[in-house]
Structure formats: structure tokens, C-alpha cells
Amino acid sequence: MHLLLILMLPHAKSIRNWTSSLNGKPGFLKEVLDSLQTLNENDKHCTIAFDAMFIRKQIIWNDKNNKFLGYCDFENKLDIEGNETLATEVQAELVKTALTLTHNAGLKVLGVVCDGAYTNT
């Protein structure tokens, strides 16, 4: 059976239109989590999927916004500024935060998957 007959996803243009009105700052999108809370209980089963990440310490000046970019703010108080926290530790914290936020939104996470890149191990 074709996957599109089982899993009905919105068109990419619909997703772009919806996300263009959201806060695009780095981090977890509160608007998305709030929207997920409104799902029917039968639709709250999910899997968290993530791709390889390269996390590095770097502060750069953004001329357009007239501010520094690159400071880490993980809302769960993980501070990597000024210490030698490994990128894998940061990534692990991000996955833990995603699990906590989805749980708080009432979602039932059935699994966590990644692409198996060395940065994910």
C-alpha cells in the first residue's frame, strides 16, 4: 500500500505558509507545541526524528540585526559558554528537552530516531 494513502501530510507550501508567521528564532517552537496540544488523543502518538548536528562555539556579529549571534540559550539551563561541554552532551540535552516538551504537550513519544552519523552517537 502506498504511504500517502496511510499518512496524510499537508503540502509543503501549506507548511511554509504556516511557519512563515511563526517565531523563527533557534529553539523549540512554542506555537507548534501549543498546536500539538490541541490534537485528538488518538493523534498524539509520535516519533522524534533528528539529523546530524555540528555544534560549535562561535560568536559572530550580525550587521543586519546589529547584534551578536551564537550565544547558547537552551531554556533548560544547559550552559556551554565558558566551559568545555562536548557537542554530544549538548545534543543529548536537546533530545532530553524535546522529550520533556513533547511529554508536557501531552504527546506519546514511541521512539527517537537519527540518521546514524557519528555526531549522533
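The structure this text deals with has already been given above.
Conventions adopted
- Residues numbered from 1 in each chain as written.
- Predicted model: local features only at pLDDT ≥ 70, side-chain atom pairs only at ≥ 80, totals over all residues.
- Heavy atoms only, no water.
- Salt bridge = Lys/Arg side-chain N within 4 Å of Asp/Glu carboxyl O.
- Helix = DSSP H or I, 4+ residues; strand = E, 2+ residues; numbered from the N terminus.
- Buried < 20%, exposed > 50% of the residue type's maximum accessible area, 1.4 Å probe, protein only.

Q: Describe the pattern of salt bridges, naming the residues involved and giving the relevant values.
A: Applying the stated criterion across every chain yields a total of four salt bridges. Here E41 and K108 are joined by a salt bridge, their closest N and O atoms 3.2 Å apart. With E41 in the loop between α3 (30-37) and β1 (45-50) and K108 in strand β4 (residues 108-114), this pair connects stretches of sequence that are 67 residues apart. Residue classification places K108 among the partly exposed positions, given a relative accessible area of 36%. Across the pair K96 and E93 runs a salt bridge whose closest N-O atoms are separated by 3.4 Å. Here the residue K96 and the residue E93 both occupy positions in helix α4 (residues 87-104), the gap between them amounting to three residues, near one helical turn. Note on K96: relative accessible area 48%, which makes it partly exposed. Overall, E93 belongs to the partly exposed group, its relative accessible area being 23%.

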